[in-house]
Amino acid sequence: MKKAEPINIAILGFGNRAEGLASLAFHKLALQARLRVVGVVDPQPLRRQRAAEMFGPECLLFEQAEDFYARNPDVDGIWVLGKESTHADLAVPALERGIPVIVEKPLATNLRDAYRICEAHERNPAPFVVPHSLRYLASYRKVKQFVESGVLGRVLHIHAVEAIDDQHTVGCYRRGPCMYRRDTAFLLAKCSHDLDLINWMMGGVRARSVVSFGGADYFKPRPDLPELCSEACPRAATCPFVITGRLGPNYSAFVRHWLLSELMPPHSIDNVEPVKLSDPLAWKAVCGHPAVPWFVSGAARAKGRDGILYFGKTFTVETPADYVLHLGHDGGARLFVDGRPVAAQSERRNPCTHDRTQARVNLSQGTHEIVIAFDTDHGNADGICFSLEYVGEGDPVFPLECALDSDDVTVDEDTTVTVRKNLCAWNSGGEQVDHQTVIVQYEDGTTADFTLDCFSGEGRTLKITGSAGVVYATPSSVRLETYHPPCVEEYGPDRLPAAEGPHGGGDAALILDWLDAVATGKPTASSTPHESAEAVALCMGAEVSMLQHRIVNMADLRKERPGQEALLSNP
């Protein structure tokens, strides 16, 4: 059914992902005339407050989805962006009313809930998008074109890797929001994108069997380390995962209570001028990211716009000596000390890694000022992390205590969030794997393997081997090689239409795709509910195989429809 614009939507679950998509829609894509948020559901009062600030007093706010649905809401669409394990409970009532939806990936955290969503959609088909963003990228669409054209011949094998960095692994899956298997599995939370991509390349041919190997073989509990991360830990001075305040004798996280400017006009990070903290900018006090205290986020302040944010801090040095400034950033950044430029890096790279840019400076005794200019790149870059390393002789005395004082952390002047204590990466009680490989046989005999690499941060790679050729792909490039006659074709940014924004522009594309489908009734390019459920099935089959040390028959698994209990045995 076609809808008149603007499309009125409600957002169920208003965490970071929801705020990011909303900022993308209304700032980068400028969809104010086509899209309007008229309701938000979130159990957290501060998130509801943030929604009120973004969408105005006409936006209705609800603590529980039941209260929202009880009003029989007159909306044209619903975005389900709450906790992964709640997706079915949030989406099914919308589908039962025939309301178009976006349901964040993974579709569900177990096959039972995934099929509940599928069946509700079958009863009331409506425009439906799951943010499997890789399907929208030009590089993977080119690969799909090659597969369907026959240029590869008979597809025999698909090989894929997702390599995230160790800071992401620890921050989210060892002591962060996804550390427990009762909530999700690493494979579901992070890699349903990749398994959906493999299934998509198979063109509807379903998996026959799956086997998987993996475990937490590096992050095993260590009795020689304390449960909490602190300067008393014997590894504190050298551990890459320390997140507390004074990190041993030579290292300080040095992050709390920065000042953040309003967004400045867009210009090159390579030639920005230093900004003094005393300049008449709208500086606002900020603290570290709630999960990683040495991280300061600027994306929320940028709200999807391009420009430069300035992070500033004054500090006192009690031990004059040489210091090394360590700057991590996922957007371009330029570092000034006392108004003097000391380091710059214009390259953008996601996610933020701790030692991307370094500068050695001599600091005299007394007060100094650090200012970091940070390029938000249309709001896509998230923030910076910074530390100060003493490299002189003897033990310095840092004047600032940077450790979290309590579980309540002030992020800015009007937002308080609760974080868990600083847990040791090894002794956190986190239940997720630190490496995993999945091997799949499809019903036509094609094989595939997927590896989750939790340390290198090299990103995604895809290789599809056929009888007549092979294609290699990343999110931004494609290389096609045919055998007879030998031929190589390269597709880089000059030949692949580039899109800006999160997930290589995939998020922007899926929002527009869903909006067009709701407004015009045309089909979406997204995975269907059943296709997305197949990604969940493949993840669940891999988890069962790994936990039970057996080959899983996928037909049997689809009949059994395992629930969350299938994930609870520790690997």
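Everything that follows concerns the structure shown earlier in this document.
This write-up is about the structure you can find in this document. A quick note: this is a predicted structure, and the numbers were derived from the prediction, not measured.

This next bit is on the overall build of the protein. Secondary structure summary: the protein contains twelve helices and 28 strands in total. When the accessible surface of the protein is split by element, carbon and sulfur atoms take 51% of a total near 23400 Å².

Here we have six strands laid out as an open sheet, ordered β11-β10-β13-β18-β15-β16, and antiparallel in their pairing. The open sheet has two free edges, formed respectively by β11 (284-286) and β16 (340-345), since each of these has just one partner strand. For this sheet, the mean inter-axis angle between neighbouring strands, taken without regard to orientation, is 25°. Of the strand pairs in this sheet, strand β10 (residues 258-260) and β11 are connected by three bridges, and their pairing is antiparallel. Residue pairing for β11: W258 is matched across the bridge by V286.

Attention now moves to the environment of W283. Looking at where W283 falls in the secondary structure, it is placed in the loop between β10 and β11. Note on W283: relative accessible area 16%, which makes it buried. Note: C-alpha distance between W283 and W258 (25 residues apart in sequence) is 9.4 Å. Not counting the four nearest positions on each side in its chain, W283 is found in contact with L259, L260, S261, V275, K276, L277, Y310, F311 and G312. In this structure the side chain of W283 is engaged in a polar contact, spanning 3.4 Å, whose partner is the backbone oxygen of L277.

On to the packing of helix α6 (residues 138-149) against helix α8 (residues 186-201), then. Across the interface, α6 lies against α8 with an axial gap of 10 Å and an inter-helix angle of 30°. Here α6 is positioned roughly parallel relative to α8, judged by the angle of their axes. Where α6 abuts α8, its residues Y140, R141, V143, K144 and V147 lie against L197, W200 and M201. Taken together, the residues of the contact of α6 with α8 sort by class into six nonpolar, no polar and two charged.

The subject of this paragraph is the sheet that holds strand β6 (residues 128-129). An order of β3-β2-β1-β4-β5-β6 is seen for the six strands of this open sheet, with the pairing classed as parallel. Unpaired on one side and paired on the other, β3 (60-62) and β6 mark the two borders of the sheet. Relative to strand β2 (residues 35-41), strand β1 (residues 7-12) runs parallel, the two being bridged by six bridges. Bridge assignment links N8 to a residue of β2, and that residue is R36. Strand contacts of helix α1 (residues 16-28): β1, β2 and β4 (77-80), with the helix running at about 165° to β2, the strand carrying the most contacts.

What counts, and at which threshold
Residues numbered from 1 in each chain as written. Predicted model: local features only at pLDDT ≥ 70, side-chain atom pairs only at ≥ 80, totals over all residues. Heavy atoms only, no water. Helix = DSSP H or I, 4+ residues; strand = E, 2+ residues; numbered from the N terminus. Areas by Shrake-Rupley, 256 points an atom, 1.4 Å probe, with all protein chains shown as cover. Pairing = 2+ DSSP bridges. Axes fitted to C-alpha atoms, helices over the stretch in contact; angles between N-to-C directions. Buried < 20%, exposed > 50% of the residue type's maximum accessible area, 1.4 Å probe, protein only. Contact = heavy atoms within 4.5 Å. Polar contact = N/O pair within 3.5 Å; in protein donor to acceptor, adjacent residues only side chain to side chain. Parallel < 35°, antiparallel > 145°, perpendicular 65-115°, else oblique. Nonpolar A, V, L, I, M, F, W, Y, C, P; charged D, E, K, R; others polar.

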